[in-house]
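So the chains spell out like this:
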Amino acid sequence: MPQLAEPVKTARRVPAAPAAESRTRRVLLMLAPLATLVVVLSLWSVASSVSGGTGPAALFEALGRLWASGEVIQGIATSLSRGVPGFLLSVLVGTVLALVLSSSTWLRAAVAPYMTFLLTLPTVAWVPVAILFFGVTDATVYFVVLTGAVPAIVNGLLAGVDQIQPLHRKVGRVLGARTWDTALHIVLPAALPAYISGLRQGWAFCWRALMASEIIAGGQELGLGLGTLLQRGRELDDIGGVMATILLILVVGVVIEVLVFGPLERRLLRRRGLLVGGSQ
């Protein structure tokens, strides 16, 4: 009898990286900014020891004092209570404006250069103008935030629109898509990577504009925000308090970046196969 052929051995698939390794990597990425901060503080400590100047000890002493008085939580909460709504309003205004500009070549030629001009103009320059129009009120803060964040969001979305192939819009028109259908279902999804970069930059400008407006226009009328804490430290010649407030401003900005924009961008790039490990 003929011998039976040996069964073909199928190659075993190499399992994907375990979920625990992926989680560990994400945790390490989140802790990386903290490691940078530790290095900076260490270098500052060494420099202050050599020069005899103020070191990190004054910062942590002031930070403990502000925490004990409840001003850390109050300052962060007050600033975020304006910064988050101001940023969301900027996203709404900037997105609609960018979609309108992208739909008209002439309108974009007339308005887009001013978006770049507003982006290069320091937002602090708008604070005196806003005070003259709105007084020392929350409207002043929101006005300055909008002038800082909206141009960044508009430019980011327009940059994404410029990268869309014309064929996509033509297919949409052939299938009967109207102007706003094209903007919402073709243009915006295709421009998402650049749009998210614009949102990230918009948040940075929003946070800077908020601090500038609180420093200049802050006071009892606007409550105790981080900008107000910074200005108070300057008036009292409290270098520890100033550095502690700067640290708080930096930490809030880094936390928003690490917990919101970083994961959002990585998820989008992974879904589109533009990130290493996108198939995992």
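Remember, predicted model here, so these are calculated numbers, not experimental data.

**A short note on a nonpolar patch on the surface**
Here is step 1 of the chain: Together, Met30, Val251, Val255, Leu259 and Val260 line one region of the surface with nonpolar side chains, adding up to about 380 Å² of accessible area.
Here is step 2 of the chain: The greatest single-element share of the nonpolar patch, amounting to four residues, is contributed by helix 11 (residues 239-271).
Here is step 3 of the chain: Assignment of secondary structure puts Val260 in helix 11.

**Some remarks on the packing of helix 10 (residues 226-235) against helix 11**
Pairs of packed helices are described in terms of their axes, by the angle between the two and the distance that separates them.
Here is step 1 of the chain: Where helix 10 contacts helix 11, the two axes come as close as 8 Å, and the packing angle between them is 160°. Compared by their axis directions, helix 10 and helix 11 come out roughly antiparallel. Note on packing geometry: the crossing formed by helix 10 with helix 11 is left-handed. Where helix 10 abuts helix 11, its residues Leu226, Leu229, Leu230, Gly233 and Arg234 lie against Val242, Thr245, Ile246, Leu248, Ile249 and Val252.

**Focus: helix 10**
Here is step 1 of the chain: Burial analysis of helix 10 places seven of its 10 residues in the buried class, which makes it a mostly covered element.
Here is step 2 of the chain: Inspection of helix 10 places Leu226, Gly227, Thr228, Leu229, Leu230, Gln231 and Gly233 among the buried residues, and these make up the whole buried set.
Here is step 3 of the chain: Among the structural elements, helix 2 (56-68), helix 3 (71-102), helix 9 (192-217) and helix 11 are those in contact with the buried residues of helix 10.
Here is step 4 of the chain: Note on helix 10: the residue one or two positions beyond its end, Asp237, has a positive phi of about 55°.

**Thoughts on the confidence of the model for the protein**
Here is step 1 of the chain: For the protein, per-residue confidence averages 80 on the pLDDT scale, and 81% of positions sit at 70 or higher.
Here is step 2 of the chain: No element of the protein has a lower mean pLDDT than helix 7 (residues 166-174), which averages 65, and none a higher one than helix 3, which averages 91.

**Some thoughts on the side chain of Thr245**
Here is step 1 of the chain: With respect to the helices, strands and loops of the structure, Thr245 is situated in helix 11.
Here is step 2 of the chain: Excluding residues within four positions of it along the chain, Thr245 makes contact with Leu66, Leu226, Leu229 and Leu230.

**Notes on the side chain of Thr95**
Here is step 1 of the chain: Note that Thr95 resides in helix 3.
Here is step 2 of the chain: Once residues lying within four places of it in the same chain are set aside, the contact partners of Thr95 are Ser90, Ile153, Leu157 and Tyr195.

**What about the nonpolar core?**
Here is step 1 of the chain: Counting 49 residues, the largest nonpolar core has Phe87, Val154, Leu157, Tyr195, Leu199, Trp207 and Leu226 as its most contacted members.
Here is step 2 of the chain: Among the elements that take part in this core, helix 6 (residues 138-162) stands out by supplying 10 residues, more than any other.
Here is step 3 of the chain: If near-sequence neighbours (up to four positions away) are discounted, Leu226 is found in contact with Gly75, Ile76, Ser79, Trp207, Met211, Glu214, Thr245, Leu248, Ile249 and Val252.

**Examining unusual backbone geometry**
A negative phi angle characterises most non-glycine residues, just as the trans form characterises most peptide bonds.
Here is step 1 of the chain: You will see that Asp237, though not glycine, has its phi angle at about 55°, which is positive.
Here is step 2 of the chain: As for its placement among the helices and strands, Asp237 is situated in the loop between helix 10 and helix 11.
Here is step 3 of the chain: Taking the relative accessible area as the measure of exposure, Asp237 reaches 70% and is therefore exposed.

**A word on the pattern of salt bridges**
Here is step 1 of the chain: A full pass over the atoms with the stated rule returns six salt bridges.
Here is step 2 of the chain: Note that Glu71 and Arg232 form a salt bridge whose closest N and O atoms lie 2.8 Å from each other. Separated by 161 residues along the polypeptide, Glu71 in helix 3 and Arg232 in helix 10 bring together distant segments of the chain.
Here is step 3 of the chain: For Arg82, the salt bridge goes to Glu214, with nearest N and O atoms at 3.0 Å. Within this pair, whereas Arg82 is found in helix 3, its partner Glu214 is found in helix 9, the two being separated by 132 residues in sequence. Glu214 matches Arg82 in its accessibility class, with the two residues each being buried.
Here is step 4 of the chain: Members of the salt-bridge network, linked through shared partners, are Arg82, Asp138 and Glu214.

**Brief notes about the packing of aromatic side chains**
Here is step 1 of the chain: Overall, the coordinates contain six aromatic pairs when judged by the stated rule.
Here is step 2 of the chain: Aromatic side chains Trp126 and Phe143 sit 5.9 Å apart centroid to centroid with 75° between the ring planes, which places their arrangement in the edge-to-face category. Linking Trp126 in helix 5 (residues 126-134) with Phe143 in helix 6, this pair joins segments that are 17 residues apart in sequence.
Here is step 3 of the chain: Ring centres 5.5 Å apart and planes at 20° place the aromatic pair Trp203 and Trp207 in the stacked group. With Trp203 and Trp207 both in helix 9 and four residues apart, the pair spans about one turn of that helix. Across the pair, exposure class does not vary: Trp203 and Trp207 are buried alike.
Here is step 4 of the chain: One residue, Arg208, lies across the ring of Phe205, its end atom 4.9 Å from the ring centre.

Definitions and limits used
- Residues numbered from 1 in each chain as written.
- Predicted model: local features only at pLDDT ≥ 70, side-chain atom pairs only at ≥ 80, totals over all residues.
- Heavy atoms only, no water.
- Patch = residues over 30% accessible without salt bridge, like charges linked within 9 Å, V, L, I, M, F, W, Y side chains within 5 Å.
- Areas by Shrake-Rupley, 256 points an atom, 1.4 Å probe, with all protein chains shown as cover.
- Salt bridge = Lys/Arg side-chain N within 4 Å of Asp/Glu carboxyl O.
- Helix = DSSP H or I, 4+ residues; strand = E, 2+ residues; numbered from the N terminus.
- Axes fitted to C-alpha atoms, helices over the stretch in contact; angles between N-to-C directions.
- Parallel < 35°, antiparallel > 145°, perpendicular 65-115°, else oblique.
- Left-handed = near helix turned anticlockwise from the far one by under 90°.
- Contact = heavy atoms within 4.5 Å.
- Buried < 20%, exposed > 50% of the residue type's maximum accessible area, 1.4 Å probe, protein only.
- pLDDT = per-residue confidence, 0-100.
- Core = buried A, V, L, I, M, F, W, Y, C linked by side-chain atoms within 4.5 Å.
- Phe/Tyr/Trp six-rings, centres within 6.5 Å; stacked < 30°, edge-to-face > 60°.
- Lys NZ or Arg CZ within 6 Å of the ring centre and 35° of its normal.

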